[in-house]
Amino acid sequence: MKIIDGKELSAKIRQTIKQEVQEIKEHGNRSPLLSVILVGDNPASQSYVRGKENACLSVGMENRTIRLDANISQAELIQVVRQQNEDPDVDGILVQLPLPDHFETNPVLDQISPDKDVDGLHPVNAGLLLAGRDGLLPCTPNGVMEMLKSIGLEDLSGLNAVVVGRSNLVGKPLSLLLQQKNATVTMAHSRTKDLAQICSKADILIAAVGRPKMITSEYVKAGAVVIDVGINRMENGKLCGDVDFEDVKDKASAITPVPGGVGPMTVCMLLMNTLKAYKEHESYGR
Ligand code: NDP
């Protein structure tokens, strides 16, 4: 059984991003810039934003964090997003979620210019993905695809993939990406009957549910590749995935751990998207 180490893989990908950024700067060009908008002082959000700042630093990218008071209005926040859209030095814009309760999230996110939408969640990017066209991909699903690629699973012809979870953030886009790579995809969710039986047919099983250790060995076909997107905090404060790692690890041919699996890949794909957006903005390398 192979453990797919997201920390190691993301460090490798970051290294190539770092080299590209260095070359960009050596040619006298401006650096790619990620602008992160943080509203309020939610401690978890603050720590995620710090993680993004550090990630940018680690590859030599510029980072701008705009910290806004929790009491600003929806219109004021939208104004800030628009300013970032118009700023030619900004390549990526990310509004850290969740927003405080008095905001409506979608109308804010919809204001982000699709070519700067490095979270890949804008309806335009979602539509491009659905149509199989080039756009900015959502980070977690894209990170999962990189993990599969890292173990030689690039063309998934003839393979059955089951995705448990159908959120716009993870399950839905991931199902589309798997299908683009020729997998035969089943999307399962809370209304699915005989979930264990369906999962046990999967060559590639992906859990994106948010239920600690719900995927046990009876859900897993012998030799399957198991990707655990879930991040759950247990009572003892430790993190665990949606997969019961200890129970499943000897049955799977490859498995991702939590922590240190999909999580680090997500931030890495954010950097990759910022670089991609930069290249589009600057027509760099064409
Ligand atoms: P959502 O809550 O938006 O979606 C959860 C999905 O799981 C829904 O489609 C839901 O079905 C389905 N579901 C819930 N209970 C069951 C069940 N008993 N059986 C089958 N399906 C079920 O979560 P997200 O997609 O945003 O996140 C999923 C997990 O991934 C979370 O743990 C989250 O923390 C983690 N995550 C990790 C990231 C990373 O970087 N590693 C990034 C993003 C998320 P229905 O649609 O019917 O309600």
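Source: prediction; values computed, not measured.

Visitor: Teacher, can you tell me more about the sheet that holds strand 6 (residues 184–188) here?
Guide: Strands belonging to one sheet form pairs held by backbone hydrogen bonds; the direction of such a pair is parallel or antiparallel. The 6 strands are arranged 1-11-8-7-5-6 in an open sheet whose pairing can be described as parallel. Looking along the sheet, the strands with just one partner apiece sit at the ends: strand 1 (2–3) and strand 6.

Visitor: Looking at this model, I keep getting lost on the side chain of Asn142. Mind explaining?
Guide: Position of Asn142 relative to the elements: it lies in helix 6 (residues 139–150). Residue classification places Asn142 among the buried positions, given a relative accessible area of 12%. With near-sequence residues (within four places) excluded, Asn142 lies in contact with Leu137, Leu177, Met269 and Met272.

Visitor: Teacher, can you tell me more about the confidence of the model for the chain here?
Guide: Across the chain, the average pLDDT comes to 97, with 99% of residues at or above 70. Mean pLDDT across the secondary structure elements of the chain bottoms out at strand 9 (residues 232–233), with 94, and peaks at strand 5 (residues 160–164), with 99. On the interface metric, ipTM, the complex scores 0.99, and its pTM is 0.97.

Visitor: Explanation requested: the site of the ligand in the structure shown.
Guide: Around the ligand there are 22 residues in total, and Arg166, Ser167, Ser190, Arg211 and Thr266 lie nearest to it. A distance of 3.3 Å separates a nitrogen atom of the ligand from a polar backbone atom of Val229. Protein contacts shield 70% of the accessible area of the ligand, which totals 920 Å² for the unbound molecule. The greatest single-element share of the shell around the ligand, amounting to 3 residues, is contributed by helix 10 (residues 262–282). Counted by class, the shell around the ligand contains 10 nonpolar, 10 polar and 2 charged residues.

Visitor: Which parts of the structure should I look at to understand the state of the cysteines?
Guide: Linking two cysteines covalently via their sulfur atoms produces the bond known as a disulfide. In this structure the tally under the stated criterion is 0 disulfides. With no disulfide partner, Cys139 has as its closest neighbouring cysteine sulfur the one in Cys268, 9.6 Å distant. Here Cys199 stays free of any disulfide, with the sulfur of Cys240 as its closest cysteine sulfur at 17 Å. The class of Cys199 is buried, set by a relative accessible area of 1%.

Visitor: It is not clear to me how helix 1 (residues 6–26) should be interpreted in this structure. Could you clarify?
Guide: Note: α-helices contain 3.6 residues per turn, so residues at a spacing of three or four share the same orientation. A rise of 1.5 Å per residue sets the reference length of helix 1, with its 21 residues, at 30 Å; its end C-alpha atoms lie 30 Å apart and thus fit the reference within 8%. Of all the residues in helix 1, the buried ones are Gly6, Leu9, Ser10, Ile13, Ile17, Val21 and Ile24. What you see down the axis of helix 1 is that its buried residues fit within an arc of 110 degrees, all on one side. Opposite the packed face of helix 1, turned more than 90 degrees from it, sit the exposed residues Glu8, Lys12 and Glu26. Of the surrounding secondary structure, the elements contacted by the buried residues of helix 1 are helix 6 and helix 10.

Visitor: I'm lost on the pattern of salt bridges in this one. Help?
Guide: Close approach of charged atoms allows side chains of opposite charge to pair. Under the criterion given, the structure shown has 9 salt bridges. Between Glu246 and Lys249 there is a salt bridge; the shortest N-O distance is 2.9 Å. Take Glu246: its relative accessible area is 54%, and that puts it in the exposed class. Take Lys249: its relative accessible area is 21%, and that puts it in the partly exposed class. Each of the salt bridges in this network shares a partner with another, and the network as a whole consists of Arg30, Asp91 and Glu282.

Cut-offs and rules
Every chain is numbered independently, its residues counted from 1 as its sequence is written. At least 70 in pLDDT is required for a residue's local features to be given in this predicted model, at least 80 for side-chain atom pairs to be given and counted, and no such filter applies to totals for whole chains, interfaces and linings, which use all residues. No hydrogens and no water enter the side-chain calculation; it runs on all heavy atoms of the structure. Paired strands, in this sense, are two strands between which DSSP finds at least two bridges. Numbering of helices and strands starts at the N terminus; helices are DSSP runs of H or I of at least 4 residues and strands are runs of E of at least 2. To sort residues, take the accessible area from a 1.4 Å probe on protein chains only and compare it with the maximum for the residue type: under 20% means buried, over 50% means exposed, and anything in between is partly exposed. Two residues form a contact once any of their heavy atoms are found within 4.5 Å. Here pLDDT means the predictor's own confidence in every residue, given as a number from 0 to 100. What makes a residue near a molecule or strand is one non-hydrogen atom of that residue sitting within 4 Å of it. Here a polar contact means two N or O atoms within 3.5 Å. Within protein one must be a hydrogen donor candidate and the other an acceptor candidate, and residues neighboring in sequence count only if both atoms are side-chain atoms. We get accessible surface area from the Shrake-Rupley algorithm with a probe of 1.4 Å; when it comes to residues, only the shown protein chains can shield them. Each residue gets one of three labels, nonpolar for Ala, Val, Leu, Ile, Met, Phe, Trp, Tyr, Cys and Pro, charged for Asp, Glu, Lys and Arg, and polar for the others, Gly among them. A pair of cysteine sulfur atoms is labelled a disulfide when the two atoms are within 2.5 Å. Given the number of residues in a helix, its expected span is that number minus one, multiplied by 1.5 Å. The directions from the helix axis to the C-beta atoms form the arc being described. Whenever a carboxyl oxygen of Asp or Glu lies within 4 Å of a side-chain nitrogen of Lys or Arg, that contact is scored as a salt bridge.

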